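Listed here are the chains, written in short residue letters.
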Amino acid sequence: MPKLPIYLDNNATTPTDPRVLDVMLPYFTEKFGNAASRHHAFGWTAEDAVDLAREQAASLIGASPEELIFTSGATESVNMALKGVFEAYRSKGNHIITLATEHSCVLDTCRYIERSGGKVTYLPVQPDGLLNIEMLRAAITAETILISVMYANNETGVIQPMEDIGRIAGEKSIIFHTDATQGAGKIPLNVDTGGIGLLSFSAHKLYGPKGAGALFVRRKNPRVRLTPLIEGGGHEKGLRSGTLNVPGIVGFGKACEVCLTQMEKDGQKLSLLRDKLESGLLEIPGTALNGNTHNRLPHVSNIRFAGLKGDLLMSAMPDLAISSGSACTSASPEPSHVLTAMGLSEEEARSSLRFSLGRFTEETDIDFAVNICRNAIESLRDSTKHS
Ligand SMILES: *Cc1c(COP(=O)(O)O)cnc(C)c1O
């Protein structure tokens, strides 16, 4: 019997790995120094810890440590990347290309940029969630300064063709940003693939603490310039002033290190569990899978339950923690913009649920989850039949 409720919402956030928490704790108490204090041992201790974390986080994405700017998480990194490029490259152009299926932190930042005089193209996706590379090529204009395409989708797990996108961006000397919040730490990922210029990721999606993240900013071939959003003491090369969140950064670094050593093993285990979950759920009449099944993360499954309302189904399953879309947009009653962009009707989108497994998911969790779903669906379908 697994511990209830069963957590299958790891794309919303992951628990902090105990190994990560252990290394963080001293930085709240005896090692509390400010990493910018240059004149005493308290400061040096904190600075050394931040340096190590920067190396660990950079290694995860194949970057060098000087190319990482620590932030409060991916939302901030994305804002910094998009607004920062828009400001810094205004003389070159004002056009940005992104995807209709991006996370709200990209889409909402793009809307802000449009209000500030920018032009944004929101490319549609194919029914399987993948970008059409020819449409990307066709959308480029002389004014295009930035292409922002997510590495892997948070709702479906679909992985975009980074190499192809990067090649096109490189040919046209356009900066390539990727929101890799869901890919980093889960699948092997390297900023040199496709010559990624900017990459956003976040600690709490890879078994680190909430409130820490980073933006990779390429330093050469080509160097990417950014206008800072936050002015202050000149921390983080002047790009992100403010006292560093040392415990959070230490945890972020450790979490990246653990992911790097464990990614392959975790991925193998999770894809088996995910397959087990899917085969169990797809046996239920009227269920179907959303999204491409070849290019996807190992631990995510987005499933449509014909004729049922996802929200009702979830409330019939209090022992199962899953989601009907992104946690960041689930406050709104709109159907998932990701699924409707893939061509699903509003009703189909509303009947879809996301299951996201994680490092601490066990086989018994999956068996239980399938049973919970099966029972809830049967009783919901029975009750609508009789009413
Ligand atoms: C969670 C998530 C974000 C936001 O990350 P925070 O660190 O919570 O700000 C951005 N993009 C994607 C794809 C996400 O899944």
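Values in this document were obtained by computation on a predicted structure and should not be read as measured data.

1. Digging into the pairing of strand 10 (residues 300-305)
Now for step 1: Extensive coverage of strand 10 is indicated by the burial of five of its six residues.
Now for step 2: Sheet topology places strand 9 (residues 287-289) next to strand 10; three bridges connect them, and they run antiparallel. Bridged to L289 within strand 10 is I303.
Now for step 3: Examined bridge by bridge, strand 10 and strand 12 (residues 352-356) share five bridges and lie antiparallel to one another. Within strand 12, the residue paired with N302 across the bridge is R354.

2. Comments concerning the pattern of salt bridges
Opposite charge on two side chains permits pairing when their charged atoms draw close.
Now for step 1: This model, assessed by the stated rule, comprises 19 salt bridges.
Now for step 2: The closest approach of N and O atoms between E114 and R111, which form a salt bridge, is 3.7 Å. With E114 and R111 both in helix 4 (residues 104-115) and three residues apart, this pair spans about one turn of that helix.
Now for step 3: As a salt-bridge pair, R296 and E278 come within 2.8 Å of each other at their nearest N and O atoms. Of this pair, R296 sits in the loop between strand 9 and strand 10 while E278 sits in helix 7 (residues 246-282), placing them 18 residues apart in sequence. Across the pair, E278 and R296 agree in class, each one buried.
Now for step 4: Sharing partners across several salt bridges, the network here consists of D17, R19, D266 and R359.

3. Quick notes on the packing of helix 2 (residues 41-60) against helix 7
Now for step 1: Running from N to C, helix 2 and helix 7 point in directions that differ by 35 degrees, and their axes come no closer than 8 Å. Two packed elements cross with a definite hand, and for helix 2 against helix 7 that hand is left-handed. Counting all contacts with helix 2, which are made through A46, A49, V50, A53, Q56, A57, S59 and L60, the residues of helix 7 involved are V246, I249, V250, F252, G253, K254, C256, E257, C259, L260 and M263.
Now for step 2: Partitioning the contact of helix 2 with helix 7 into residue classes produces 14 nonpolar, three polar and two charged.

4. What to know about the domain arrangement of the protein
Now for step 1: What the domain assignment reports for the protein is domain 1 (6-14 + 262-385) and domain 2 (18-257).
Now for step 2: Between domain 1 and domain 2 the total buried area reaches about 2800 Å² when both faces are included, carbon and sulfur atoms providing 55% of it.
Now for step 3: Among the residues of domain 1 in contact with domain 2, T14, M263 and L297 are the three that bury the most area, contributing 23% of the side total.
Now for step 4: Counting across the interface, domain 1 meets domain 2 through zero salt bridges.
Now for step 5: Linking domain 1 with domain 2 are 16 residue pairs in polar contact (both at pLDDT 80 or more), by the criterion used here.
Now for step 6: Residue assignment for the side of domain 1 that touches domain 2 shows that the elements contributing at least two residues are helix 7, strand 10 and helix 9 (337-341).

5. Considerations on empty space enclosed by the protein
Now for step 1: With the rule as written, the count across this model stands at one cavity of 30 Å³ or more.
Now for step 2: In this model, the largest cavity occupies a volume close to 70 Å³.
Now for step 3: Forming the walls of the largest cavity are G185, K186, Y207, M263, D266, G267, L270, P298, H299 and R359.
Now for step 4: Considering only residue class, the lining of the largest cavity consists of four nonpolar, three polar and three charged.

Calculation criteria
Residues numbered from 1 in each chain as written. Predicted model: local features only at pLDDT ≥ 70, side-chain atom pairs only at ≥ 80, totals over all residues. Heavy atoms only, no water. Buried < 20%, exposed > 50% of the residue type's maximum accessible area, 1.4 Å probe, protein only. Helix = DSSP H or I, 4+ residues; strand = E, 2+ residues; numbered from the N terminus. Pairing = 2+ DSSP bridges. Salt bridge = Lys/Arg side-chain N within 4 Å of Asp/Glu carboxyl O. Axes fitted to C-alpha atoms, helices over the stretch in contact; angles between N-to-C directions. Left-handed = near helix turned anticlockwise from the far one by under 90°. Contact = heavy atoms within 4.5 Å. Nonpolar A, V, L, I, M, F, W, Y, C, P; charged D, E, K, R; others polar. Domains from an automatic or database assignment. Buried area = accessible area lost by both parts, 1.4 Å probe. Polar contact = N/O pair within 3.5 Å; in protein donor to acceptor, adjacent residues only side chain to side chain. 1 Å grid on protein atoms, 1.4 Å probe; cavity = no way out; pocket = protein on both sides within 12 Å on 5 of 7 lines; lining within 4 Å. Points joined across faces, edges and corners; volume = space filled by probe spheres on them.

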